[in-house]
Structure formats: C-alpha cells, structure tokens
Amino acid sequence: MVGKFEGIDIPKPTPTLTEDSEPYWKGCKKHKLLIQRCKDCGHYRFPPSGICPKCTSTNTEWARVSGRGKVYSWTVFHYLYHPAFSKDIPYNVAIIELEEGPRMHTNIVGCSNEDIFIDMPVEVVFEDINEEIALPKFRPREKQQ
Amino acid sequence: MGESLKDKCAIVGIGFSEFGKRVPKSTMTLTLEGCKRAIEDAGLAKEDVDGLLVALPSAEGERHGWVCRVGSFLGISSTFSAGLDIGGATPIAMVQLATMAINAGMCNTVVCCYGWQNSPMGIPLIMPPGLDFTTPYGDFAALPFKAHVARRHMHLFGTTSRQMGAVAVTFRKHACMNPQAQMYEKGPITIEDHQNSRMIVEPLRLLDNAPITDSGGAVVVTSAQRAKHLRHRPIYISGMGQAHSGEFMRPWRDPRYPEGTFEGGKAAEIAFRMAGISHKDIDVAQFYDGFTILVIIELETYGFCNPGEGGPFVEEGRLELGGELPSNTAGGLLSEGHLMGMGHIAEAVRQLRGECRERQVNDAEVAFVSGYGGSPHEYPISFSYSTLILTR
C-alpha cells in the first residue's frame, strides 16, 4: 500500500468537538491537559463522558493534570492506512498511562522509534494543528523531574 | 437463576456463501446465500424457520432494519428477530440468544446469520470510522490495537514473535487439509516464512493477521426435541458464556493478571460450569484468531494454561491435529478465511458430526468455540468474549 497515494495531498484527520469533548480540546488549545475528575469519588476518566465509570456520579469537574506519565505500550506503523500519513511511515503510536491513571493514544516525539520502551517516563507537549485544535503528544522525560 | 439450558437446543444446519478475498456480491446476497445453505443443510424449508438473528453489518447505512430486510428477502415470517453487534463475538452470541428465545417459547427454529462485504460497490472499507482520540495520531482499525496488546504481552511474559508465528504455521497446516480454505492454494508456511513476512504494525507481521474475506454464513438452532428428527445428528449446545470489559485501556478486575489486563475468563468459566465439564474434556477447539496473539491470550484467559504460558503452549505443538488440544482445524480466521467466527461454530459442528475426513479429530465428542470482538478502535476501547461448548 505504501506509495499508492504518492503525490496526493490529503490532510490528516482532526478531531470533531462534541458536547462531551469540547472542554478537553479547548484545554489542549491553551496547552493545558484537562481530564474529567469525579467530584464524588475523585476518579479520573478518559475519554470524556457524562458519567463516572467507577461510581456512576454525574458530578464532574475538569482538572488540569500533571501531563506526566509513562509508556504503557507502543507500536510502529509500517502499513499505510491513511494517505495523509505517507510521509511519516514508519511512525509510532503509543498508549501512555498518565500519573493520574487514564490511558490514552498518542505519538511519542523527541526521540527515535528505536528509543521507545515500555515504562519510559514521558511528559505532554502540544502540537498546534489549526486554529481550533492542538494535539497532546508526549516526549521523553528525565526521571528526576 | 432459571433452569439450565444445557443440551436444550442443538445446531442442526450450517451453511456459507461463496467466500474469498474478493467476491463481488452484496452484503445482503452473501447473507442470503449463507441462510439458504444452512436451512438446506438442516433438511428444513424456510417455512420451518420462525426466528431470525443477524450480525449487524459493519458498513454504515446497512444497519437500519437489517434483520427485517433479511427476513423479507428470505420470505421468512418470524416471531422473534434481533440484530446484534459485539463484533467477532456476535455469531456465538446469536446462538446463545437463539437458545434462550427457543426456551422462552418465543420461537422454535432460529437462523443465525451474517454477511460481510469488505468492498461494497467496489469501494474498500480499509478505513473504518475511528474516533477523535486515535485517528489524529495515525491509529486506524483493529490490527494496531492488537499490536499494542502483543507488545505488552511480550513485555510482561517474554512472549516472542516466533511463538505467535507458531499459531499461524499450525493453522495454515490445518487449512491445507481444507480445500474450501482461502489459503488452501497458498500451501503450508514455516516459522521462517512468518519471520520474513513484512511488518504491518510492529510487532505484528503480515502472517500474524487474518486475511480480508467477503463472505456470508449461517447456522440453524432448534430445540433438542425437534433436532432428533432432522437430517444430521444433533450437535447440542451444552455450555455458553460471555465476558465484556474495558480491559487494557480501562482495566476492571481479573486478579489473575498483574494489571487486570485480559479479562475473558468469565466467558469460559460460565460455559464450563453450565456444561458440567472441565478443560481436559475438550476434544477439539476453535479459538477466535483474527490475530495470532489473540489465541495465546485466549488460552490463558480461558484457563487452558496459566497467564504467561500461552507462548510456550502454542510453540510445543499442542494445537496441532494429533496434539493435546487440536484447534482451528479448518484453518481458522488466519487461514480458512475471516468468516467472522461463524466458521468456528461450523467447523466445531463438522468435527462433532465426523465430517472432516483428513482433518477429523478421532471420536470428537466435545468442542470449545470462542468469539472475540467489541470496539477495538473507537473510544472507550472495549472488548467482548463469547464461548460455546458443543457436544454430540
């Protein structure tokens, strides 16, 4: 499949804001990682939703989290699923676990794919995509920080 | 708790459409062909069918009222119908629901069917709708998630790519005894072939993945009483179970795993309890094998071995015909073709009927079948396991 889309300029998919996710993406645009926290049991949840999966409370606040975490698992894409990523192949996609608990997909930036490892300490960095969207990505972090 | 449904119903017919990498027929036609052949295999007429269950097709726009439309096209007037979607766990879930509906007096004879056209109108569906928290990062489809799972399993337990390869090699060997298999013509593969196959999403290689298959299929379920008077010997539904969770991404609670990582155990536990048998009683198994790593995880989570032992288990040839747990004897999704798990039910039925010739497991009396699916690429990523224990 690689090469099939050569020369075609197709933009990468970008998130669509919904009632549930708008505060998350607006936070990202301000380069702040906001995660929902249950005001009754304190559980952090991701992706955004109206109910706490731990206690079913609807009493929720958006909390700014540390942005620190570690790599839970990671992959490297050699197959081109979407033409917009043709120049990035081979690129990594990682699942990171935030210090506050939630796990999320992201890209690891600031190091080569070969240097990624499970439990690698990472911290958030925001990549501005357009006027509305900044994508949270993660870069290696020194352990003592 | 109600009365046990053990052996109250039986699978009496199985059937498939023409299937392969590219079959230029609609989802509906593939579905109808499978239904027709399953009803004929049972020795029934469509007028005998009064229940219809469908797996909802994955293509957008094909879902609304799908089960009613299938019934209309088949010319079936049912008194119980439903469309189900728990991904690859759906075919088994349909057989389970059929068993419940029959015993609840809603209907007597149920066709459980699916159809899967990967390229409706010739347009490939290689980019299913992901969601906002995956696709902007270049993460698409089900396969990459299993790559994450494989990496984590390798990290936790030392599982190797060669061990995953052993699953692919074994099931291909079985497919070479099944002239209907999509990979039959391709012939056997070796571990080296697996290791040399191109990387798709690290650490998964091409041969770690099931092929794309256009297909339709169905099974017919009826009461045990009625099953005794039909064309084939009845294959009884002796045990069934399910388990659903947000494992891996939103782990719940299976204390056997260090992190609560893989949580299909309940699906097997409930089925074994219902059937009143244990793992050692299984003569032949059909594990849902969209990806090689999945078989390793299922062996562990269903209790055929301990967590972390799945890799060595498959490497020692125990899944081969003649081995301790002959599995995916038609080739599985990996080599028979991606028949959505309906193929797994059908092969278990064929084995218990004794129809498998060269690949027949001697005197097979008890079969274990599993399905697996859920939402592998749409947040919150969540999973469904389904199981059947079938006996003759």
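Starting afresh in each chain, residues are numbered from 1 along the sequence in its written order. Chains and ligands are labelled sequentially in the order written, the chains with letters from A and the ligands with numbers from 1. Local features in this predicted model are restricted to residues whose pLDDT is 70 or higher, and side-chain atom pairs enter the listing and the counts only when it is 80 or higher, whereas totals over whole chains, interfaces and linings include all residues.

(A) Up close: the overall build of chain A. Summing up its helical and strand segments, chain A has one helix and eight strands in all. Considered along the principal axes of its C-alpha atoms, chain A spans approximately 50 × 35 × 25 Å. Three exposure classes are used. Buried residues have 20 or more other C-beta atoms within 10 Å of their own C-beta, exposed residues have 12 or fewer, and partly exposed residues fall in between, all C-beta atoms being placed from the backbone. Within the span of chain A, comprising 145 residues, buried residues form 30% of the whole. Contact between two residues is assigned whenever their backbone-derived C-beta positions fall within 7 Å. Put simply, of all contacts in chain A between residues at least 6 apart along the chain, 52% involve residues at least 24 apart. We count a stretch as a helix when DSSP gives it H or I for four or more residues in a row; a strand needs E for two or more, and each element gets its number in order from the N terminus.

(B) Layout of the overall build of chain B. Summing up its helical and strand segments, chain B has 12 helices and 11 strands in all. Both definitions apply: the radius of gyration is a C-alpha atom measure, and the globule rule equals 2.2 Å times residues to the power 0.38. Taken over the C-alpha trace, chain B has a radius of gyration of 19 Å; the compact-globule value for 392 residues is 21 Å, and the two agree within 12%. Each of the three principal axes of chain B carries a C-alpha extent, and together these read 55 × 45 × 45 Å. The long-range share in chain B, meaning contacts at least 24 apart out of those at least 6 apart in sequence, stands at 76%.

(C) Inspection of the sheet that holds strand 9 (residues 284-286) of chain B at higher detail. Residues and elements named next belong to chain B. For two strands to count as paired, DSSP must find a minimum of two bridges between them. Taken together, the nine strands give an open sheet; going across it, the order is 3-2-4-7-1-8-11-10-9, and neighbouring strands pair in mixed fashion. What marks the edges here is a single partner per strand, and that holds for strand 3 (80-84) and strand 9. On average, each strand axis in the sheet is tilted by 25° relative to the strand beside it, whichever way the strands run. Across three bridges, strand 9 lies against strand 10 (residues 366-375) in parallel orientation. Note on strand 10: the bridge partner recorded for Ala 285 is Phe 368. In this description, a line fitted to the C-alpha atoms serves as the axis of each element, helices being fitted only across the stretch in contact, and the angle between N-to-C directions of two axes falls anywhere from 0 to 180 degrees. The sheet strands contacting helix 1 (residues 27-42) are strand 1 (9-16), strand 4 (109-116) and strand 7 (215-223), and the helix crosses strand 1 at an angle near 130°.

(D) Fine view of helix 8 (residues 265-275) of chain B. All names here are of chain B. Turning to helix 8, its buried residues number three or more, namely Ala 267, Ala 268, Ala 271, Phe 272 and Ala 275. Looking straight down helix 8, one finds that the buried residues subtend no more than 120° of arc, so they occupy a single side. Where helix 8 is buried, its residues touch strand 8 (235-245) and strand 11 (382-391). The arc in question is the one traced by the directions running from the helix axis out to the C-beta atoms.

(E) Just the interface of chain B and chain A, in detail. Contacts between chain B and chain A engage 27 residues on the former and 29 residues on the latter. Looking at the side of chain B that touches chain A, the element that brings in the most residues is helix 4 (residues 143-157) of chain B, giving six residues. As a working rule, the residues Ala, Val, Leu, Ile, Met, Phe, Trp, Tyr, Cys and Pro are called nonpolar, Asp, Glu, Lys and Arg charged, and the rest polar, with Gly in that last group. A class-by-class count of the residues in the side of chain B that touches chain A yields 15 nonpolar, five polar and seven charged. Taken together, the two bridges between strand 4 (residues 68-77) of chain A and strand 5 (residues 199-202) of chain B define a ladder with antiparallel strand orientation. By the bridge assignment, Val 76 of chain A is partnered in strand 5 of chain B with Glu 202 of chain B.

(F) Expanded view of the packing of helix 4 of chain B against helix 9 (residues 292-301) of chain B. All names here are of chain B. Across the interface, helix 4 lies against helix 9 with an axial gap of 9 Å and an inter-helix angle of 55°. As summarised for this structure, helix 4 and helix 9 are arranged oblique, according to the angle between their axes. Here helix 4 runs over helix 9; the crossing is left-handed. Each of Lys 146, Val 149, Ala 150 and His 153 in helix 4 lies in contact with helix 9, whose residues at this interface are Ile 293, Leu 294 and Ile 297. Working definition: roughly parallel below 35 degrees, roughly antiparallel above 145 degrees, roughly perpendicular at 65 to 115 degrees, and oblique for all remaining angles. Two helices cross in a left-handed way if the nearer one is turned anticlockwise from the farther one by less than a right angle. They cross in a right-handed way if the turn is clockwise.

(G) Molecular detail of the pairing of strand 1 of chain B. Residues and elements named next belong to chain B. Where burial is concerned, most of strand 1 is hidden: eight out of the eight residues are buried. Of the pairings in the sheet, the one linking strand 1 to strand 7 comprises seven bridges and is antiparallel in character. What sits directly across from Gly 13, in strand 7, is Val 220. Two elements, strand 1 and strand 8, share two bridges in a ladder whose sense is antiparallel. Counterpart to Ala 10 in the pairing with strand 8 is Tyr 236.

(H) Layout of unusual backbone geometry. Geometrically, the link from Ile 89 of chain A to Pro 90 of chain A is a cis peptide bond, its omega value of -5° lying close to zero. Mapped onto the elements, Pro 90 of chain A comes out in the loop between strand 4 and strand 5 (91-98). The residue after Tyr 379 of chain B, namely Pro 380 of chain B, is reached through a cis peptide bond having omega -10°. As for its placement among the helices and strands, Pro 380 of chain B is situated in the loop between strand 10 and strand 11. Positive phi, normally seen in glycine, also occurs at Asn 328 of chain B, with a value near 45°. Within the secondary structure layout, Asn 328 of chain B lies in the loop between helix 10 (310-315) and helix 11 (332-335).

(I) Focus on the pairing of strand 8 (residues 134-140) of chain A. All names here are of chain A. Where strand 7 (residues 121-128) meets strand 8, seven bridges bridge the pair, whose relative direction is antiparallel. Bridge pairing in strand 8 links Glu 123 to Arg 139. Between strand 7 and strand 8, which pair antiparallel and follow one another directly, the connecting turn spans five residues.

(J) Main features of the nonpolar core. Residues and elements named next belong to chain B. Note on definitions: a nonpolar core is a set of buried residues drawn from Ala, Val, Leu, Ile, Met, Phe, Trp, Tyr and Cys, linked by C-beta atoms within 7 Å. Ile 11, Val 95, Val 111, Cys 112, Val 219, Val 220 and Leu 390 are the most contacted members of the largest nonpolar core, which totals 147 residues. The biggest single contributor to this core is helix 3 (residues 90-103), with eight residues. Aside from chain neighbours lying at most four places away, what touches Val 111 is Cys 35, Ala 38, Ile 39, Val 49, Leu 52, Ala 218 and Val 220.

(K) Examining the sheet that holds strand 2 (residues 44-45) of chain A more closely. Residues and elements named next belong to chain A. Taken in spatial order, the three strands of this open sheet run 2-1-3, and their pairing is antiparallel. The sheet is open, and its two borders are formed by strand 2 and strand 3 (60-64), each paired with just one other strand. Summarising the sheet, strand 1 (residues 34-38) and strand 3 pair through five bridges and their orientation is antiparallel. In the sheet register, Gln 36 faces strand 3, and the bridge partner there is Trp 62.

All we've got here are geometric facts, nothing functional implied.
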